[in-house]
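Single-letter residue listing:
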Amino acid sequence: MEASSITKDTVKPTAKEAHLSVRNLNVHILKNHILKNIDIEIPDKSITCIIGPSGCGKSTLLKTFNRLLDKTENVTITGKVLVDNENLYEKDAEVTHIRKKMGLLSQRPCPLPMSIYDNIAFGCKIHGTRNKKKLDEIVEYQLRAVGLWKEVKDRLHVPANKLSIGQQQRLCLARGLAVEPAFILADEATSALDPISSKHIEELFVELKKDYAIVMVTHTLRQALRIADYVVFMYLGEVIEAGPAEQVFKNPRRELTKKYLEGAFS
Amino acid sequence: MRFIEEKIVKLFMIGATALVFVFVASILYTIIARGLPALNWDMITKLPSGGFYIGKEGGVLNAIVGSLYIVGASTVLGLLISIPVVFYINVYLPKDSKLAYIARLSFDILFGIPSIVYGAFAFTIMIYLGLRTSLGGGIIVITLLIIPIFIRSMDEVARQLPRELLDATYSLGATRLETMGVVVRQIAPGIVTATLLSIGRAIGDAAGVMFTAGFSDSIPTSFSQPAATLPLSVFFQLSSPSADVQDRAYASALILTIIVLILSVVGRFVTQKFSKNKI
């Protein structure tokens, strides 16, 4: 198709630098110390997997990256999350433009209650893209990017929740990408999907890490083994070990990491 | 034993459902049996003539139009006021907010206040301000009357709003205000249901409009003129000693019922359209 070649040049998001570092982050909910003195750096253009047993604070950590904890009751957050040297938890931090840098993919796909087309166009519209032609191009580009274009091009104006769960998850990814983020945050994004859709998402991540910093929380060690470049291992709210996947999986420095990898607990 | 229990409870349920049908059927029967013979084209196309509401001639067009004016305007006003309230208590306020709790409690109280109290309250204010009974007064009272219905029934749906949906919208960089587009779509079926309930209550209310909208033989041409309504028209005609005029009360009731029926059929159709888009 000729249209697609034009599309690619005009709407392909320019690759951005992504810097995310967490400094001495503590999260309390009521009296519970959920995250303890977290200090990590998220490397750009690679996949970072956060692993650890249930309830260790993986998802909470991910949520602090785009301030989705704000609405939780009785939460106190101290420390810094620096996104491109801007502290997310500065008093008057303008949250929306930082959130825009973070594409979120949740555990269960959550399409907006509108058509497939509008799901992707919604984000662009709120950020000021109103030109119909331009929106058409973005929608097509992003749907192609997640491999959904062929499946849905004839029914773009059908409600998004008519799609299968796997398709919905890819649509959510495309929706996130359409606002040109620098990061992709995935919170167990494949756990609700069937094996094929799940593989699809993994492949997309491997493809997308060329342009984005991807942080994913995962329950499945195998998944981390397959695609992680960096690994953060958490236990009871603390980061036990963080480093390149190769090193963490083959030569864990800490006894706890070794035990977890051996399956002594999960 | 448990088998018998099951049978008894089931019988009871069937009985209760049947009872409801009997109510509806007997009301409809009464209205149709007495109203249909009196119903003619003049009833819905002519203004009353031959004296005030006790007349046998002419029709109740004044009341039909008055009721539709009041219902239409107050539904629009009600929606404009209640959607922001529902949005505020569900999206802006935290889940355990005291303010939201108090707000919900007050709407429950308002919900239970009889319409005559609204009418009397508005009437006092109107006297204080030196206003006469008018279309505008009627619209305001009915708006007050249906706002709690609007808010409570939309709120029930809005409380089920998935947190993930809001999170997903925020993640796109939306402000809380910008999530409104998403929230309104998500609760659209609730909005339609709330509107239907409110219209039903608004069009059938006699006590609220009695002191505020008043009654008139003509169709109001401005907000400051008194307006007739169908329930009051029924009430006045029924109070007449003449059996002919009483029959016309049933005919007016029949017209009222048909309007409600048309509105709910249209409403249900719209809801289905919406839900097709949703599920």
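Residues numbered from 1 in each chain as written. Chains lettered and ligands numbered in written order. Predicted model: local features only at pLDDT ≥ 70, side-chain atom pairs only at ≥ 80, totals over all residues. Heavy atoms only, no water.

1. Considering the overall build of chain A
Summing up its helical and strand segments, chain A has eleven helices and ten strands in all. For 266 residues, the compact-globule formula gives about 18 Å, and the C-alpha radius of gyration of chain A, at 19 Å, lands near that figure. Counting only C-alpha atoms, chain A reaches 55 × 40 × 30 Å along its principal axes. Considering chain A as a whole, with its 266 residues, one finds that 53% of them fall into the buried category. Sequence separation of 24 or more characterises 67% of the internal contacts of chain A that already satisfy a separation of 6 or more. With an accessible surface of roughly 12300 Å², chain A has 49% of that area assigned to carbon and sulfur atoms. Taken as two groups, the 39 positive and 33 negative side-chain charges of chain A have centres that lie 3 Å from each other. (Helix = DSSP H or I, 4+ residues; strand = E, 2+ residues; numbered from the N terminus. Rg over C-alpha atoms; globule rule 2.2 N^0.38 Å. Buried < 20%, exposed > 50% of the residue type's maximum accessible area, 1.4 Å probe, protein only. Contact = heavy atoms within 4.5 Å. Areas by Shrake-Rupley, 256 points an atom, 1.4 Å probe, with all protein chains shown as cover. Lys, Arg positive; Asp, Glu negative; His and termini not counted. Charge placed at Lys NZ, Arg CZ, Asp CG, Glu CD.)

2. Brief notes about a nonpolar patch on the surface
Residues and elements named next belong to chain B. Together, Leu-19, Val-20, Phe-23, Val-24, Leu-28, Ile-32 and Leu-36 line one region of the surface with nonpolar side chains, adding up to about 610 Å² of accessible area. Tracing the backbone through its elements, the reader meets Val-24 in helix 1 (residues 2–38). Since its relative accessible area comes to 45%, Val-24 is described here as partly exposed. (Patch = residues over 30% accessible without salt bridge, like charges linked within 9 Å, V, L, I, M, F, W, Y side chains within 5 Å. Salt bridge = Lys/Arg side-chain N within 4 Å of Asp/Glu carboxyl O.)

3. Quick notes on the side chain of Ser-198 of chain B
Tracing the chain through its elements places Ser-198 of chain B in helix 9 (residues 188–204). Residue classification places Ser-198 of chain B among the buried positions, given a relative accessible area of 0%.

4. Focus on the sheet that holds strand 6 (residues 102–105) of chain A
Residue and element names in this part refer to chain A. Strand order in the open sheet formed by six strands is 6-7-8-3-9-10, and the pairing between neighbours is mixed. Whereas interior strands pair on both sides, the edge strands pair on one side only; in this sheet they are strand 6 and strand 10 (238–244). Averaged over all pairs of adjacent strands, the angle between strand axes in this sheet comes to 15°, irrespective of strand direction. Where strand 6 and strand 7 (residues 183–187) come together, four bridges link them in parallel fashion. Across the sheet, Met-102 pairs through a bridge with Phe-183, a residue of strand 7. (Pairing = 2+ DSSP bridges. Axes fitted to C-alpha atoms, helices over the stretch in contact; angles between N-to-C directions.)

5. Quick look at the interface of chain B and chain A
Every contact between the two is made by 28 residues of chain B and, on the other side, 25 residues of chain A. In total, chain B and chain A occlude about 2200 Å² of area from one another, counting both sides; carbon and sulfur atoms represent 60% of this. Joining chain B to chain A, the criterion identifies zero salt bridges. Run the count over chain B and chain A and you get two residue pairs in polar contact (both at pLDDT 80 or more). No other element matches the eight residues that helix 7 (residues 163–171) of chain B contributes to the side of chain B that touches chain A. Looking at side-chain class alone, the side of chain B that touches chain A contains eleven nonpolar, seven polar and ten charged residues. (Buried area = accessible area lost by both parts, 1.4 Å probe. Polar contact = N/O pair within 3.5 Å; in protein donor to acceptor, adjacent residues only side chain to side chain. Nonpolar A, V, L, I, M, F, W, Y, C, P; charged D, E, K, R; others polar.)

6. A few points about the confidence of the model for chain B
For chain B, mean pLDDT is 87; residues scoring 70 or higher make up 95% of the total. On the interface metric, ipTM, the complex scores 0.82, and its pTM is 0.78. (pLDDT = per-residue confidence, 0-100.)

7. Quick word on unusual backbone geometry
All names here are of chain A. In this model, Asn-24 sits at a positive phi of 50°, which is unusual for a non-glycine residue. On the secondary structure map, Asn-24 appears in strand 1 (residues 20–29). On the basis of relative accessible area, Asn-24 is assigned to the partly exposed category, the value being 43%.

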